[in-house]
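Fold and geometry: a report
Each chain, letter by letter, is given below.
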Amino acid sequence: MLIRKPADHLPSDITSESVYFNRRQFMAGAAGLLLSAETLAGLAAKKSPLSQLAANDKLNTLKDITSYNNFYEFGTDKSDPAENAHTLRTRPWSVLVDGEVAKPRRFSIEELLKFPLEERVYRLRCVEGWSMVIPWVGFPLASLIKQMNPTSRAKYVSFETLQRPSEMPGQRQAVLDWPYREGLRIDEAMHPLAILAVGLYGNALPNQNGAPIRLVVPWKYGFKSIKSIVRIRLQETPPATSWNMANAHEYGFYSNVNPDVDHPRWSQASERRIGEFFKRKTLPFNGYAEQVAGLYRGMDLRKNF
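Rules and cut-offs
Position labels on residues start from 1 in each chain and follow its written sequence. At least 70 in pLDDT is required for a residue's local features to be given in this predicted model, at least 80 for side-chain atom pairs to be given and counted, and no such filter applies to totals for whole chains, interfaces and linings, which use all residues. Note that water and hydrogens are dropped before the side-chain values are worked out from all heavy atoms of the structure. A helix here means a DSSP run of H or I that spans at least four residues, while a strand means a run of E at least two residues long, and both kinds are numbered starting from the N terminus. Think of it in three bands: residues with accessible area under 20% of the maximum for their type are buried, residues over 50% are exposed, and the middle band is partly exposed, with areas taken using a 1.4 Å probe on protein chains only. Only the protein chains shown count as cover for residues, and the accessible areas themselves come from Shrake-Rupley with a 1.4 Å probe. Here, nonpolar core refers to any group of buried Ala, Val, Leu, Ile, Met, Phe, Trp, Tyr and Cys residues whose side-chain atoms link them within 4.5 Å. UniProt positions are given in the numbering used here, feature names are shortened, and annotations may be inferred rather than shown by experiment. Contacts were defined at the residue level, with two residues in contact if any of their heavy atoms lie within 4.5 Å. Paired strands, in this sense, are two strands between which DSSP finds at least two bridges.

Turning next to the overall build of the protein chain. Along the protein chain, the regular secondary structure elements total nine helices and 14 strands. Put simply, the protein chain has 305 residues, and 53% of those count as buried. Accessible area for the protein chain stands at about 13,600 Å²; split by element, carbon and sulfur atoms hold 52% of it.

What follows is the structure, given as structure tokens:
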């Protein structure tokens, strides 16, 4: 595979894996909280086997990941989040977990950062036909859900992004019905691949990438991985989701990566990996079919797109 480094990437802009894995501190946002050096140093050792990638899956640079984003709360151009997200205040921050759980609870971000963290290197595939490989830091969503003792009526999990137009200028426009909402089936949410990410490349999440906490569901298109979460609700019925509400014909509830089902405006058969010259074939479930295809056994994946 021929890999092209964009002309504006200077050597100093590219963070190598060795530098990343040997960082001794993890800055947990503007409050200056530090996770222990032992915790960070152990992240490389705790790389999950679920993170295994193909030989030609190279990490995207920190500059790629933080300068090419979809986060409509800060604007609709790819460069808007990096330019505008500095206005977002991520401290204080809390996440309400409620609904069909035994004990609803509001977690501070400081409490969430105490969950055992690990490094997960995942592919990210956008519905628009581009992709990246990102080294996240986070913890399984299942570990949070289990702690809440879900009731037997908990069939789905809904997520909600912060709504604060004074700090998120894109919300002053009716691009979507704010706040941004997403959802999963409970078995999807409990799958070990689904994580809540609090960092990338060994540092706290930048605002434009969903600070201070976001969902990452690597077998689905990127818009399912909701950013800047303030509420997680377990419920009996399928939740409304933002892009499905905006255009159900183009955005299904499941939105699993499927090279055989095109979006009306984009072919899904191939993708452009940011930083590469040629396109590559898109893999079913973004390359995670072995782990997740069983979740959809017997389903018509064209109908349930």
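The rest of the description comes next.
Glancing now at the nonpolar core. In this structure, Ile213, Trp219 and Ile232 are the most contacted members of the largest nonpolar core, which totals 75 residues. Ranked by residue count, the leading element in this core is strand E6 (residues 130–140), at six residues.

Moving on to the UniProt feature "binding site: Mo-molybdopterin" (unreviewed entry) in the protein chain. In this numbering, the UniProt entry assigns the feature "binding site: Mo-molybdopterin" (unreviewed entry) to Asn69, Tyr72, Glu73, Cys126, Thr161, Asn209, Arg214, Ser225, Ile226 and Lys227. Here Tyr72 is to be found in the loop between helix H3 (62–67) and helix H4 (80–84). Setting aside residues up to four positions removed in sequence, Tyr72 forms contacts with Glu128, Gly170, Val175, Trp178 and Trp243.

A few words on the pairing of strand E5 (residues 118–125). For E5, a buried count of eight out of eight residues is recorded, marking the element as mostly surrounded by other parts of the structure. Burial along E5 is two-sided: the face carrying Glu118, Arg120, Tyr122 and Leu124 and the face carrying Glu119, Val121, Arg123 and Arg125 are both buried. Examined bridge by bridge, E5 and E6 share eight bridges and lie antiparallel to one another. Its bridge partner lying in E6, Arg120 is registered against Trp136. Joining the antiparallel neighbours E5 and E6 is a turn of four residues, in which Gly129 adopts a positive phi near 100°.

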